[in-house]
Amino acid sequence: MGNGAIALGLMEARCQVVTSYPGTPSSEILPEVVRLVKSEGLNTYVEWSTNEKVALDTAFAASISGKRAACCMKQVGLNVAADSLLSAAYLGTIGGLLIISCDDPGPHSSQTEQDTRLMARLAKVPVLDPSNPREAREMAKLALDISEEFRIPVILRPAIRVCHARQDLKWDHFKGSKRKASFKKDPARWAATPRFRLILHGELNNKLKEIGGRFERLAAFNFHDLQKDKKYPLGIISSGVPYSVVRDILSEERREDIPILKIGTPYPFPERLAGDFMSACEKVLVLEETDTVIEYFLRDRKRVLGRLSGDVPAEGELVPDVIYEVINGVLRESGLEPLNSGGVKEAFALVKGLDLPVRKPTLCPGCPHRGAFFAIRKARPKAIYTSDIGCYTLGINQGAVDTCLDMGAAITMASGFYHSFAQDHVDQPIVATIGDSTFFHSGTAGLLNAVYNNARFILVILDNQTTAMTGMQPTPALGIRADGSRGRSIPLERVVAGCGIDFIEVVDPYNIKEMTELIKKATEYVSDPSGGIAVIIARHPCVIAYREKALLQRKKVIVTEDCVECNFCLDRFGCPALYRDEELARTSVNQSLCVECGVCLEICPKGAIVEGQYVPGEKGQ
Amino acid sequence: MKTMNMVLSGLGGQGILFMTKVLAQAALDKGLNVIGAETHGMAQRGGSVVSHLRLGDVQSSLVKTGSAHFLLSLEENEAYRNIPFLARGGRLYANTSSEGFPRKEVRPYLENMGIVCRAVPASRVASKMRAPMSSNLALLGFFSAFEDGPVGYDDLKKTIDKVSPSRSGTINLKVFDAGFQRGTQQRE
């Protein structure tokens, strides 16, 4: 996997410290590092940090102790670490410092399609843009070398089609670094005041100029296939994943008449190389993901086709079909011979006409969040439901999630809603939901603020004892570290109490009745003049991460003839194991999906969902 | 070798990624270049899962529509959804027990494109052997009864033995063989 290739590159480059906060598509890098560290017997330090800023600060300190360090995150994670990144660019590094920020054009699993390359430009740090796993591995090594040579942090930005691509790689054993930590005090640099920052800014600009010169000659990643003295009506400039696609399409079609300039280092931009290419081509088409970066760097705008000229879609992933259409459109417009292997458009129309089921992502059968959301909506039907980033965003299917902004915003937005309504003397109920890992990531600052400023709402921390969405990474409460060793466990209750909360109750969301009662009690506390913010910890292990522990009591569930097809269970509970059986004309249980958690036994208004004996072969049950 | 494109589809939890891994590893062991793309994260929460696999000297991990030689699907609707990937003369292998497969609406298109459809009740085959989670291997076995290149029955079998977790290795091979038998019978 691409993320494995990156891990391999890091270890081959003798990186000694690797930190990360999980997030698709970056989550597998750190576990792959752990695997290599164990198989090669290295002493590399690894950690799941509580958030991306923490991860970058930690790696930065390692770097200025002389060690090679890397930190891995998804692209929106780099927003969290932006404060650290922009400052670190001025201060510079000692040991190589690599930031791996994985982009998600599509977006497949993110709140935005933002382009890390723009963040690199903003921070004034070099960025490398791999086209496939093999290149990602080589670039990781080069990035650490450049970082160390020029004393500047470097970003590697693999897109999801690099991270989650699989490709064959060969590798040999390698050794770890013997470098020892040493920190040479230099407060003028490492604690620079604004006056010195101006000087550091100048230094940074000079570094970039030098690195830009180096990138002009970096033939391994920046190259074109122009023939000497030949002129072309059209050329293509591409980077990252789109480059691989362009290369494949043009070689399949044997289009040697269209040269390609591949850019592996979008910033600092190899302007001279691009200039050479531009002067051999009448027009150039720019294919890059996800935003316009290269396109902005090409000065002769009149000869450039891309997003700004409307030839390339401004949003969405540049999958092969999109790129094919873009190239073909430009070829036709330029009066050149079009490509000839397309043409399954009728198949799309055909599939569309089939009315195939739309598969909404849903919480898993047996997911403890489902019971929690059901209870929340039942107890506080008129509330505004602020929520957060994680599996539980899917509570939207149960009508129990109204907002999802960014990590930690369930709490900060609850606070904002409270003050907006309270200002008008309106008593608006608000229930915020946030996962345990997200709470540790960026919940506390918001909670401190809410308590300090007298906000009133119910906060439900959905504690499934793992970071489920990204692949079951441990949380600080668990006390297990990235390499499997023991860490010190920090109970949620202690953190919440430390934020100044007096109402803290723990409940098992598998028990809907108890949780509903508790929310009512919390409501009273919130509205009491001497009350405050009420925190409920809905604690039940994730059914995927801890199947046995999550399902201690199995209950076989069936639906009886009392079902009146009100669809209440399907709408409000929405378990994938419950479905409408057309033949029986009522709701039924898909026994192969059902995990027998028995939570749905509490929800049917007609009492038609009961514990019962499933008879194999009997239709529908 | 000419590039070989495959698309594998199904639902989250059906073992699409394991099936991809087996095919990819088998190809690697034959010295072929392999590149492929998977879906993770949000898409796995009960959604459609699609995996692309390309064997040969190519750079991009994604298959373009109209260029897949094979489409292997663990669920009937997910087979239909991915029909646009199939190339002229491509072959579709689907896990379904439906008599009416493929649906009549798609037949003219498939015929026109010269696409061959073969169905096997892989879930039923696997369930009967008390391994309901192994329908992916039943489908793979079925597939190997018809196709011997670029990776055939022997290659796949060897790989399954190698990559299966030890507790499920034996049953995986049995289910794979049961799928293969199904295919062999159907061929005769």
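The shown structure was predicted, so the numbers you read here are calculated from the model rather than taken from an experiment.

In this section: the overall build of chain A. Across its full length, chain A holds 23 helices and 22 strands. Radius of gyration (C-alpha) of chain A: 28 Å, near the 25 Å computed for a compact globule of 621 residues. The C-alpha extent of chain A, read off along each of the three principal axes, is 80 × 65 × 55 Å. In chain A, which comprises 621 residues, the proportion classed as buried is 52%. A separation threshold of at least 6 residues defines the contact pool for chain A, and within that pool the share at least 24 residues apart is 76%.

The peptide bond linking Thr24 of chain A to Pro25 of chain A adopts the cis configuration, its omega dihedral lying at 5°. Relative to the assigned elements, Pro25 of chain A resides in the loop between β1 (17-20) and α2 (29-40). Between Phe101 of chain B and the following residue, Pro102 of chain B, the backbone shows a cis peptide bond with an omega angle of -10°. Tracing the chain through its elements places Pro102 of chain B in the loop between β5 (86-95) and α3 (107-113). In this model, Lys124 of chain A sits at a positive phi of 60°, which is unusual for a non-glycine residue. Its place among the elements puts Lys124 of chain A in the loop between α6 (116-123) and β5 (127-128). Exposure remark for Lys124 of chain A: the 19 C-beta atoms within 10 Å place this residue in the partly exposed category. Even without glycine at this site, Arg130 of chain B takes up a positive phi of about 60°. Along the polypeptide, Arg130 of chain B turns up in the loop between α4 (122-128) and α5 (135-146).

Residues and elements named next belong to chain B. With seven of ten residues buried, β5 is to be regarded as a mostly interior element. Looking at chain direction, strand β4 (residues 68-73) and β5 are connected through five bridges and run parallel. Each residue of the ladder has a partner; that of Ala68, found in β5, is Leu86. Each parallel crossover has a hand, and the one from β4 via helix α2 (residues 76-81) to β5 is right-handed. A crossover links β5 with its parallel partner strand β6 (residues 116-120), the connecting element being α3, and its sense is right-handed.

Below, the discussion takes up helix α6 (residues 153-163) of chain B. Tyr153, Asp155, Leu156, Lys157, Thr159 and Ile160 of chain B are the residues of α6 of chain B that are buried. Those residues of α6 of chain B that are buried are in contact with α1 (16-29), α5 and α7 (169-187) of chain B.

Of the residues in chain B, 96% reach a pLDDT of 70 or more, and the chain-wide mean stands at 91. Across the assembled chains, the prediction reports ipTM 0.90 with pTM 0.94.

A few words now on the sheet that holds strand β18 (residues 534-539) of chain A. Residue and element names in this part refer to chain A. Pairing in this open sheet of six strands is parallel, and the strands run β14-β13-β15-β16-β18-β17 from one edge to the other. This sheet does not close on itself; its edge strands, each paired only once, are β14 (403-404) and β17 (503-507). In the sheet, strand β13 (residues 384-387) pairs with β14 via two bridges, with the strands oriented parallel. Bridge pairing links Ser387 to Cys404 in β14. Strands β13, β14, β15 (430-435) and β16 (458-463) of the sheet are contacted by helix α17 (residues 409-422), whose axis makes an angle of about 170° with β15. The sheet contacts of helix α21 (residues 512-527) involve β16, β17 and β18, and relative to β18 the element is tilted by about 165°.

Let's shift gears to the sheet that holds β5 of chain B. Pairing is mixed across the open sheet formed by seven strands, whose spatial order is β7(A)-β2(B)-β3(B)-β1(B)-β4(B)-β5(B)-β6(B). Strands at the two margins of the open sheet, each flanked by one partner only, are β7 (165-167) of chain A together with β6 of chain B. Pairwise comparison of adjacent strand axes, ignoring direction, gives a mean angle of 15° for this sheet. The sheet contact formed by β5 of chain B and β6 of chain B spans five bridges and is parallel. Each bridged residue has a counterpart across the sheet, and for Arg91 of chain B the counterpart in β6 of chain B is Val116 of chain B.

This brings us to the packing of α6 of chain B against α7 of chain B. A pair of packed helices is captured by two measures, namely the crossing angle of their axes and the spacing between those axes. All names here are of chain B. Two elements in contact, α6 and α7, have axes whose closest approach is 9 Å; the angle formed by their N-to-C orientations is 160°. One finds that α6 runs roughly antiparallel with respect to α7. Judged by the sense of rotation from one axis to the other, the crossing of α6 with α7 is right-handed. Side by side, α6 and α7 meet where Tyr153, Lys157, Ile160 and Asp161 of the first sit next to Gly169, Asn172, Leu173, Phe176 and Phe180 of the second. Its residues assigned to classes, the contact of α6 with α7 shows five nonpolar, two polar and two charged.

Turning our attention to the interface of chain B and chain A. Facing the 34 residues of chain B at the interface are 41 residues of chain A. Mapped by element, the contributors of at least two residues to the side of chain B that touches chain A are α1, β2 (34-37) and α2 of chain B. Here the side of chain B that touches chain A takes four residues from β2 of chain B, the largest share from any one element. Its residues assigned to classes, the side of chain B that touches chain A shows 15 nonpolar, 14 polar and five charged. In this sheet, β2 of chain B lies alongside β7 of chain A in antiparallel orientation, the contact comprising three bridges. Looking across to β2 of chain B, one finds that Ala165 of chain A is bridged to Ala37 of chain B.

Residue and element names in this part refer to chain A. Within β15, six of the six residues are buried, leaving the element largely enclosed by the surrounding structure. Side chains of β15 alternate between two faces, with Ile430, Ala432 and Ile434 and Val431, Thr433 and Gly435 buried alike. Here three bridges tie β13 to β15, and the two strands are oriented parallel to one another. Note that in β15 the partner of Ile384 across the bridge is Ile430. In this structure, β15 lies alongside β16, joined through five bridges in parallel fashion.

This part takes up helix α1 (residues 2-12) of chain A. All names here are of chain A. The element α1 is extensively covered by neighbouring structure, given that ten of its eleven residues are classed as buried. Of all the positions in α1, only Gly2, Asn3, Gly4, Ala5, Ile6, Ala7, Leu8, Gly9, Leu10 and Met11 are classed as buried. Arg14 sits one or two residues past α1 and shows a positive phi near 60°.

Residue position: Arg161 of chain A is located in helix α8 (residues 160-163). The spatial distance from the C-alpha of Arg161 of chain A to the C-alpha of Met1 of chain A is 10 Å, given a sequence separation of 160 residues. Not counting residues within four places of it along the chain, the set of residues in contact with Arg161 of chain A comprises Val241 of chain A together with Ala37, Ser61 and Leu62 of chain B.

Residue and element names in this part refer to chain A. With respect to the helices and strands, the residue Asp115 is situated in the loop between β4 (97-102) and α6. A C-alpha to C-alpha distance of 9.4 Å links Asp115 and Ala159, two positions 44 residues apart in sequence. Not counting the four nearest positions on each side in its chain, Asp115 is found in contact with Asp103, Thr290, Asp291 and Val293.

Calculation criteria
- Residues numbered from 1 in each chain as written.
- Chains lettered and ligands numbered in written order.
- Predicted model: local features only at pLDDT ≥ 70, side-chain atom pairs only at ≥ 80, totals over all residues.
- Helix = DSSP H or I, 4+ residues; strand = E, 2+ residues; numbered from the N terminus.
- Rg over C-alpha atoms; globule rule 2.2 N^0.38 Å.
- Buried ≥ 20, exposed ≤ 12 C-beta atoms within 10 Å, placed from the backbone.
- Contact = placed C-beta atoms within 7 Å.
- Pairing = 2+ DSSP bridges.
- Right-handed = clockwise from strand over helix to strand, strands pointing away.
- pLDDT = per-residue confidence, 0-100.
- Axes fitted to C-alpha atoms, helices over the stretch in contact; angles between N-to-C directions.
- Parallel < 35°, antiparallel > 145°, perpendicular 65-115°, else oblique.
- Left-handed = near helix turned anticlockwise from the far one by under 90°.
- Nonpolar A, V, L, I, M, F, W, Y, C, P; charged D, E, K, R; others polar.

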